[in-house]
Amino acid sequence: RVRMYPTPAAQTTSRPPMARDSPVSMEVKDGVAVISMSNPPVNALAVPVLEGIEANVKAAQADSGVRAIVITGSRGKFSGGFDITQLKARTEGRPVRNMSDFNAVLNSIVEAGPKPTVAAIENLALGGGLEVAMACNARVATPKAQLGLPELQLGVIPGFGGTQRLPRLVGLPKALDMMLKSKPIKAEEALKLGLVDAIVPHDQLIASATKLANDIAAKRVPRRMASYDSAKLPGDEAVVKKIFAGARRQAKRVKHLMPHPWLCLDAVEAGVSKGSEVGLAAEQDAFGKAVTSKACKGLVHMFFASRSTAAVPGVTDVGLKPRATKCVAVVGGGLMGSGIATACALAGVRVMLKEINQKFLDAGMGRIKANLASNVKKGRMTQQKADAIYSLCVPCLTYDKFGDADMVIEAVIENLDLKQKIFADLERSCRPDCILSTNTSTIDITKVASKMKNPERILGAHFFSPAHVMQLFEIIRTDATPPQVLVDALGLSKQIKKTPVVVGNCTGFAVNRVFFPYTMSACLLADLGLDPYAIDNAIRMFGMPMGPFRLGDLVGHDVGVHVGQNFIDDFPLRVYESKLIPGLMAGGRMGEKSGKGFYAYDAKRRATPDPEGIAALLRTSRAAAAGRFKHSTDGELLAMTADDIAEMIFFPVVNEACRCLAEGVVVRAGDLDVASILGMGFPPFRGGIVHWADQVGAVRIASRLREWCTRYGGIYQPCAYLEDCAVQGRALADGPFTGPDRSKL
C-alpha cells in the first residue's frame, strides 16, 4: 500500500489539492514514511524545507498506519546544511524568520516522538543537515558520504543541537576536533565512531534505512536518543576539565577577534556538565552572540564574495561556454612554473613543461615530483596515484609538441625582452585557437604582446606561489581580449580548483597593486623609530599570518625590491622609498634563502628576531630619512598601540583599493576582498580589505590619511574616491556613482 501526502504548503494554496510546490515530500510504503528533502543543489535547509520537515514528521507521527520514519534527501545528497542566504540576511540586519523553534521539532518529534526515525544519508550531511540526521534514532550512509559541522567557518556555531548530540555520538575529543576545525569525516570513520550505524550501497540506501526503522519500531534494535546518551562522555570530571582547558587555550588567543570558537565551547561544556537540555539553551544563546559578531559578518561576506568572482558582466552572461582544456603547456620549470604544472596535473590536465636545457628541465620535473611526494607524505594521496599524476607531465626542450596545447602559460623570469621573444615563438608554434598567457606579476600585458602579430591572443594568468597550493588565480585582460578567451580561462580555473579574479591590465594588477603600500608604510614606521618586530607583532595581532618584515624574508627581499620598483616608476608621488631593505640586501641579508634577513633562520628555517644583526642598518636608514618628516614623532611613537600600527599600515592599502575601484580594475569590490584574503592572507574573519574598511568607515580612514599625509608625505594622500565616500556617507563597496572606467577591463 502506498500513500502520497501533499504538504500543508501545497494544501493551503489555491492550486489543486495534490499540487506539490513544497521542497519536502512524503511517501508511505509498508508502514514506513519516507520523507525526502528537495532543494537543489545541496538540499539546503531553507525555511520552507524546515517547515516541510516539521509538517511531514508531525503527519507521520500522527498516522496510525505509520510504524517508523525515514528522512532522506533527493538528487544524491542528504543536506549541505542551513540556508546561508538566511545567515547573510541576518548579518546584514535584514529581517529573517527565527528558526530556533526548529530545535523543539528535532527534540520532541524527530528524536523522541512516538515512532522511531532513521536518516538515510547519501553523499553529504553537513552543518544543519548532520544535525537533523543526529536527531534521528539511527543513521545509514552511502560509502562516499561526508559528515561534519563546519559552521565555525562562517563565524557561527551549530544551532540545531549539534553541540549536544555530536559529543554523545562520537566522544568529546573527536566532537571538539570536528567542530573547532570544521573538519568533516568520511563514512568509514563515521561508522567506527558510531556516528552512523551502517554503510550501504547507493541503490540499497532507502531499503536498508527502512528495514532498520522497522527493526527499531519492533524493538529488535534498541532505539537511541543521542541527547540522553552519555555513555561516550568522560565520566571523570577531571578529564572533562582537562579536555576543555586544552581547547580553550587556543580559543582564548583569538577570542577578541573571533568569539565563535569560545562560544561553541561554552555550549558544549554546558551540555556535558549540566545535561543536554541546559546545553541546548546555552547553544541558542551562544549562536545569537556569534551571529551578531563582526567575524561572522566578515566570514559570511567572504563566502558569498568568493562565489561571485567568476561572474563577469558582458562575458559570462552572454551564452558563451568554456572550451575544455585538455592540455596545458608551461614555459619555464622554476618554482612557479613547476607549481603551475603540478596544479594542472593534479586536476587531470595533461601538461608539457618546457625548459631551455636538460639540466633546468630535469630540475623542473624534479620539483613536480617533489610536490607530489609531499602530498603522499602527508597522506593526501597514494604513491600509485602520485605516479599516475606525474605521468601526465611531459618534459620538452622545444616547441615541437606545442601544437597539442589548448593553453600556454609562460612562467619565466621577469625580463620583458625574453618574454617578447617567447611569445613570438609561441605564435608560430601553437594553434590559432590556443590561448597564450603570461604569469607575469609586474609587466604590462600589452608590452609583452607588442611583438606579436595577433596581440589580442594574450592574457595574464597570474598564479601565486606555491601555485599548486595557493587558491587565487588572477586573470588579466586587456582592451582587446576576446570574451571567449576569458570564458575559457575561467573554465580552466574551475578545472584546477582555483578561485579566479578577473582584473584589468595595470601595474601590479589587483593584489600587488593594492598591497604595494603595505611594506612601504612599515618601512616608514621603522624609519620613524618604531621597532620592526613590534610592527610585525601588531600585524599578526590584527590577524595576518605574519608581519611585513617576516613576509619580506619569506618572499626574498630581492624579489620585493624588483616588484616594488615598478610602483616607484609608475606612481612616484605616492610611494615611500626607504634605505632599510636595500641596506639589508647590500649586507647579504636576502631573507630565508640566505639564512638571515630581518630575522635569523636555523636549518629548519625557523625564524628568530635578530635585533643586533639589523641595528646598524636601522641606524643608517633612519639617518637617511631624518629631515624628510615635518616634525619629531618620538612621543607619538611611544604612544602607538597595536591598532594604531595596523591602521597606519592598512589605511594606505585601503586607499589604493579605492583607486582600483574608481579605475574599474576589478568587476566589484568583493573581488578585491577575495583577492586580499587568498593572495595576501588578509584575515578572512575581517571579510577582505574593502569590507573591513567599510566597517571602519570612510570618514575615519580619510581623516587619518590626511593627517599622516601632512606629516609623512604622498604615500598617505587620500584618493578622490575615498574622499567622496567620506563626504557622501557612502560605502566604499558601492563603487563610483558613474560606474568604473572600463578602459581597465
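Treat the numbers as computed from the prediction; the structure is a model and nothing was measured.

Visitor: Can you lay out the pattern of salt bridges for me, pointing to particular residues and giving the numbers?
Guide: Applying the stated rule across the entire model yields 36 salt bridges. One salt bridge connects arginine 224 with aspartate 229, and the closest N-O pair in it is separated by 3.2 Å. Looking at aspartate 229, the relative accessible area reads 19%, which means it is buried. Across the salt bridge formed by arginine 513 and glutamate 656, the nearest N and O atoms sit 2.7 Å from each other. Taken together, the residues arginine 513 in helix 20 (residues 511-514) and glutamate 656 in helix 28 (residues 642-663) connect sequence positions 143 residues apart. Each member of the pair, arginine 513 together with glutamate 656, is buried. Where salt bridges share partners, they join Arg513, Arg574, Glu656, Arg659 and Glu663 into one cluster.

Visitor: Pulling in residues and values, what's your account of the side chain of glutamine 61?
Guide: Within the secondary structure, glutamine 61 sits in helix 2 (residues 47-62). Beyond its immediate chain neighbours, meaning those up to four positions away, glutamine 61 contacts Ile69, Ile109, Gly113, Pro114 and Lys115.

Visitor: Could you give an account of the environment of asparagine 415, naming the residues involved and the relevant values?
Guide: Within the secondary structure, asparagine 415 is located in the loop between strand 14 (407-410) and helix 17 (416-429). Along the primary structure asparagine 415 and isoleucine 443 are separated by 28 residues, whereas in three dimensions their C-alpha atoms are 8.7 Å apart. Among the polar contacts made by the side chain of asparagine 415, one reaches the main-chain amide nitrogen of aspartate 417 at a distance of 3.1 Å. Within the local environment of asparagine 415, its side chain forms a polar contact with the backbone nitrogen of leucine 418, the two atoms lying 2.9 Å apart.

Visitor: I'd like a rundown of the confidence of the model for the protein, residues and numbers included.
Guide: Confidence in the prediction for the protein averages 93 pLDDT; 95% of positions are at 70 or higher. Throughout residues 739-745 the model reports pLDDT below 50, and contacts reaching past four residues in sequence, or to other chains, amount to 21 contacts.

Visitor: Lay out helix 3 (residues 84-91) in plain terms, naming residues and giving numbers.
Guide: Within the span of helix 3, buried status applies to Ile84, Leu87, Ala89 and Thr91. Of the surrounding elements, those touching the buried residues of helix 3 are helix 12 (276-291) and helix 13 (294-306). Looking at the residues trailing helix 3, positive phi occurs at glycine 93, about 80°.

Visitor: Can you break down a nonpolar patch on the surface residue by residue, with the values?
Guide: A cluster of nonpolar side chains, contributed by Leu554, Val555 and Val559, occupies part of the molecular surface with about 230 Å² of accessible area. Positionally, leucine 554 belongs in helix 23 (residues 548-555). You can call leucine 554 partly exposed: its relative accessible area is 42%.

Visitor: Let's hear about the nonpolar core: which residues, and what values?
Guide: With 109 residues, the main nonpolar core has Val408, Leu426, Phe650 and Leu732 as its most contacted residues. The element contributing the most residues to this core is helix 28, with twelve residues. Excluding anything up to four places from it in sequence, valine 408 contacts Ala329, Val331, Phe402, Leu426, Cys430, Cys434, Ile435, Leu436 and Ser437. Formed by 78 residues, the second largest nonpolar core is a distinct cluster that contains Val49, Leu166, Leu263 and Val268.

What counts as what
- Residues numbered from 1 in each chain as written.
- Predicted model: local features only at pLDDT ≥ 70, side-chain atom pairs only at ≥ 80, totals over all residues.
- Heavy atoms only, no water.
- Salt bridge = Lys/Arg side-chain N within 4 Å of Asp/Glu carboxyl O.
- Buried < 20%, exposed > 50% of the residue type's maximum accessible area, 1.4 Å probe, protein only.
- Helix = DSSP H or I, 4+ residues; strand = E, 2+ residues; numbered from the N terminus.
- Contact = heavy atoms within 4.5 Å.
- Polar contact = N/O pair within 3.5 Å; in protein donor to acceptor, adjacent residues only side chain to side chain.
- pLDDT = per-residue confidence, 0-100.
- Patch = residues over 30% accessible without salt bridge, like charges linked within 9 Å, V, L, I, M, F, W, Y side chains within 5 Å.
- Areas by Shrake-Rupley, 256 points an atom, 1.4 Å probe, with all protein chains shown as cover.
- Core = buried A, V, L, I, M, F, W, Y, C linked by side-chain atoms within 4.5 Å.

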